[in-house]
Amino acid sequence: MEGKFKFSKDTEALFLDMFKERGVKLEGNVLKIIDTDSEDFKEYITSAIEADSKTRKKRLEITRQIQDQNKQLERQAAENDSLMVDLKKAFEQAEGAKLSALNDLDLLQRKTQFELIGDIVKVALWIIMAVGITTTILYIVALSVNGSSPDTTLIGNTWSNLLGILLTNSFSIIGTIMGVKYASESNAKKQDKE
Amino acid sequence: MIKSILLVDDENLFHLVFEDACSLLDITLDLRSLTSSDEAAKLFSEWQTRPSGKPECVFVDLNIVGSSFDGIELIKKINYEYGNGVVVGIISSSADKSEIEKSKLAGAQFWIVKSDDIEPRLEAFKKDYEGYKKRSADFKVYKF
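My aim in this report is to walk through the structure given alongside it, one point at a time. As a convention, each chain's residues are numbered from 1 in the sequence order in which they are written. Each chain gets a letter, beginning with A, and each ligand a number, beginning with 1, in the order they are written. The predicted nature of this model means local features are confined to residues of pLDDT at least 70 and side-chain atom pairs, given and counted, to a pLDDT of 80 or more, with totals for whole chains, interfaces and linings taken over all residues.

## A closer look at the overall build of chain B
No. 1: What counts as a helix is a DSSP run of H or I of at least four residues, what counts as a strand is a run of E of at least two, and both are numbered from the N terminus. A count of helices and strands for chain B gives five helices and six strands.
No. 2: Shown N-terminal to C-terminal, the secondary structure of chain B runs as helices and strands in the order β-α-β-α-β-α-β-α-β-α-β.
No. 3: Three exposure classes are used, based on other C-beta atoms lying within 10 Å of a residue's own C-beta, which is placed from the backbone: buried for 20 or more, exposed for 12 or fewer, and partly exposed in between. Considering chain B as a whole, with its 144 residues, one finds that 38% of them fall into the buried category.
No. 4: For the purpose of contact definition, each residue receives a C-beta atom placed from its backbone, and two residues are in contact when these atoms lie within 7 Å. Relative to all contacts within chain B whose residues are 6 or more apart in sequence, the contacts with residues 24 or more apart total 66%.

## Quick look at the interface of chain A and chain B
No. 1: Tallying the contact residues gives 12 residues for chain A and nine residues for chain B.
No. 2: In this classification, the charged set is Asp, Glu, Lys and Arg, the nonpolar set is Ala, Val, Leu, Ile, Met, Phe, Trp, Tyr, Cys and Pro, and all remaining amino acids, among them Gly, are polar. Residue classes in the side of chain A that touches chain B are distributed as three nonpolar, four polar and five charged.

## Topic: the environment of B:Leu7
Residue and element names in this part refer to chain B.
No. 1: With respect to the helices, strands and loops of the structure, Leu-7 is situated in strand β1 (residues 5-8).
No. 2: Judged by local crowding, Leu-7 falls into the buried class, with 22 C-beta atoms found within 10 Å.
No. 3: Each C-alpha atom of the pair Leu-7 and Pro-55 lies 9.7 Å from the other, and the pair is 48 residues apart in sequence.
No. 4: Contacts of Leu-7, omitting those with residues within four sequence positions, involve His-15, Phe-18, Leu-31, Ser-33 and Phe-59.

## Re unusual backbone geometry
Residue and element names in this part refer to chain B.
No. 1: Positive phi values are uncommon outside glycine, yet Asp-26 reaches one of about 55°.
No. 2: Of note, Asp-26 is situated in the loop between α1 (12-24) and β2 (31-34).
No. 3: What makes Asp-26 partly exposed here is the crowd of 14 C-beta atoms within 10 Å.
No. 4: Phi at Arg-135 is positive, roughly 65°, even though this residue is not glycine.
No. 5: Arg-135 sits in the exposed class, given 9 other C-beta atoms within 10 Å.

## Comments concerning the sheet that holds strand β4 (residues 87-92) of chain B
All names here are of chain B.
No. 1: One open sheet accounts for six strands, arranged β2-β1-β3-β4-β5-β6; its pairing is parallel. For this open sheet the edge positions go to β2 and β6 (140-142), each flanked by a neighbour on one side alone. On average, each strand axis in the sheet is inclined to that of its neighbour by 20°, with strand direction left out of account.
No. 2: Note that β1 and strand β3 (residues 57-60) share four bridges and pair parallel. In the strand pairing of β3, Leu-6 is matched with Val-58. Here a strand pair is declared whenever DSSP counts at least two bridges between the two strands. All axes here are fitted lines through C-alpha atoms, helices being fitted over the stretch that makes contact, and every angle between N-to-C directions spans 0 to 180 degrees.

This is the structure:
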């Protein structure tokens, strides 16, 4: 090869001694441009080139493995990013579904509450009406059987008081129900705004 | 053997692969590696007045992350701004036909596709090198 150079005999001996005593060899591209007349040093250079070549092959293999691992990591990172985007979307959908379910539950609860209130009102009013009608019939019967009796007067007073109480109670029930309904609606509106 | 090579590639690991492959295949004894096209352009600008250290052959990556311009632009600059006189081509993992055409127009002489097994391609390139140096070889893509 062009541009090769030779070491002096002493330098060659120094390198050979260094190898024999400490196992240290020359390495790298410099080996390719060393020329020699000594058989011993030629052998040394050949073995050093072989060792250097082995080291380079090993390093090349390791570097490739690292390159492959890096590529794999990059691929996995891209997959992770894509998964994160999907997860975020799924989370947002789940949040939306949760809010919708909560709204539905709230509506259902309100509906059940109003139905219950409606039933209570109906039953209470029916009872009031039934008591009112029954007592009125009893008073009419008492009037027609013995209208001038002091007992009939007593029944009349009692009927009058009872009817008053029944009317007061019925208005009180209706008032309470209306109040509860108004309060529930206000709360619902407040929650919707929040 | 090629007297001196300059590699411009943003991937440091590939510098090691290229260096070892060049050494094992006896392609060159003098290899310099850079990670940016800006740095390479600066050196070529300096070599216009002081050509000492100017490489004989330049391998340029197509996409050089972190640089102001890509490999094709660098080849254009080398050929049309900083004076020719070097064998220059692309070394890239891409084999995109339109990019290959663009590189040809920019004055690239070869395109080597990077892969796990780069040595056979570099060996084939080594055989064709004299043709590139004499400007007698046609543009070639080293893919298989």
